[in-house]
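Examining the three-dimensional arrangement
The primary structure of each chain is shown beneath.
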Amino acid sequence: NKIKRIVVDFVNYFDGNDVSYVLVGGLAVNIWGRIRTTLDADFIFNQSEIDLEDFVHYLQQKKYEITLDDLKIGLNGRTNVTVWSGIFRVDLKGIYNAFAKKSIEMGHKVTLFDLEVNVDSPELLI
């Protein structure tokens with residue numbers, strides 16, 4: 001249920017604010033039928049399409065542990081940004097290279113938790 005809430009919260013924000021994104025990592029692998037244990041959700045998103053202050057405010061209202069400084073430092077440093085929700089985490093990355101851009105472009109809309117989620121293509125997950 002915790003992972004479901006995390007995916008729903010992030011996808012609702014991205015979709016509601018016209019931010020391009022793709023779900024990657026263990027959850028994406030699971031969606032395509034290769035079961036793997038995971039305690040996080042991983043997203044690549046287009047950082048140029050997002051209001052960082054609004055995004056952090058939204059996450060903080062939902063009780064996620066993240067600061068604006070942490071998000072800016074991670075995105076500017078082109079590294080992974082970790083957002084905590086209890087023992088679960090969300091790993092965020094911006095579009096730092098052509099591969100990340102391609103992941104967003106080639107993502108597939110999949111119904112997950114009664115929600116349309118843009119999921120990385122099986123070809124790119126390999």
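Our structure is the block above this text.
Notes on the structure follow. Note that the coordinates shown come from a computational prediction; the quantities given were computed from them, not determined experimentally.

The next point concerns the layout of surface pockets. Estimates place the volume of the largest pocket at around 200 Å³. Taken together, 15 residues line the largest pocket, and the ones lying closest to its centre are Val24, Ile44, Lys93, Phe99 and Ser103. Sorting elements by how many residues they give to the lining of the largest pocket places helix H5 (residues 98-106) first, with three residues.

Further remarks concern the pattern of salt bridges. For the coordinates displayed, the defined rule picks out four salt bridges. Arg89 is paired through a salt bridge with Asp40; the nearest N and O atoms lie 3.3 Å apart. Here Arg89 is found in strand S4 (residues 88-93), whereas its partner Asp40 is found in strand S2 (residues 40-45), with 49 residues between them in sequence. Relative accessible area serves as the criterion here: at 29%, Arg89 is assigned to the partly exposed category. Taking the relative accessible area as the measure of exposure, Asp40 reaches 7% and is therefore buried. In this structure, the salt-bridge partner of Arg89 is Asp91, at a minimum N-O distance of 3.1 Å. Judged by relative accessible area, which is 6%, Asp91 ranks as buried.

Taken across its six residues, S2 has six buried, putting it largely inside the fold. Relative to S2, strand S1 (residues 21-24) runs antiparallel, the two sharing four bridges. Paired with Tyr21 across the bridge in S2 is Phe45.

Moving on, we get to the packing of helix H3 (residues 52-61) against helix H4 (residues 68-76). With their axes 9 Å apart at the nearest point, H3 and H4 run at an angle of 130° to one another. Between H3 and H4, the angle falls in the class oblique. Our pair here, H3 against H4, has a crossing hand that is right-handed. Every residue of H4 that contacts H3 at Leu52, Glu53, Phe55 and Val56 is listed here: Leu68, Leu71, Lys72 and Leu75. Each residue belonging to the contact of H3 with H4 can be placed in one class, and the counts come to six nonpolar, no polar and two charged.

Bringing helix H1 (residues 2-16) into the picture now. For H1, with 15 residues, the first-to-last C-alpha span of 21 Å sits near the 21 Å given by 1.5 Å per residue. Regarding H1, the residues found buried are Ile3, Ile6, Val7, Asp9, Phe10, Val11, Tyr13 and Phe14. Backbone geometry just downstream of H1 places Asp18 in the positive-phi region, at approximately 50°.

Following the sequence through the fold, Asp42 ends up in strand S2. Residue classification places Asp42 among the buried positions, given a relative accessible area of 14%. In the structure, Asp42 is positioned 13 residues away from Val29 in sequence and 11 Å away in space, judged by C-alpha atoms. Those residues in contact with Asp42 that sit more than four places away from it in its chain are Val22, Leu23, Val24, Gly25, Gly26 and Asp91.

Rules of the game
- Residues numbered from 1 in each chain as written.
- Predicted model: local features only at pLDDT ≥ 70, side-chain atom pairs only at ≥ 80, totals over all residues.
- Heavy atoms only, no water.
- 1 Å grid on protein atoms, 1.4 Å probe; cavity = no way out; pocket = protein on both sides within 12 Å on 5 of 7 lines; lining within 4 Å.
- Points joined across faces, edges and corners; volume = space filled by probe spheres on them.
- Helix = DSSP H or I, 4+ residues; strand = E, 2+ residues; numbered from the N terminus.
- Salt bridge = Lys/Arg side-chain N within 4 Å of Asp/Glu carboxyl O.
- Buried < 20%, exposed > 50% of the residue type's maximum accessible area, 1.4 Å probe, protein only.
- Pairing = 2+ DSSP bridges.
- Axes fitted to C-alpha atoms, helices over the stretch in contact; angles between N-to-C directions.
- Parallel < 35°, antiparallel > 145°, perpendicular 65-115°, else oblique.
- Left-handed = near helix turned anticlockwise from the far one by under 90°.
- Contact = heavy atoms within 4.5 Å.
- Nonpolar A, V, L, I, M, F, W, Y, C, P; charged D, E, K, R; others polar.
- Expected span 1.5 Å × (residues − 1).

Such coordinate-based values are descriptive only and should not be taken to indicate function.
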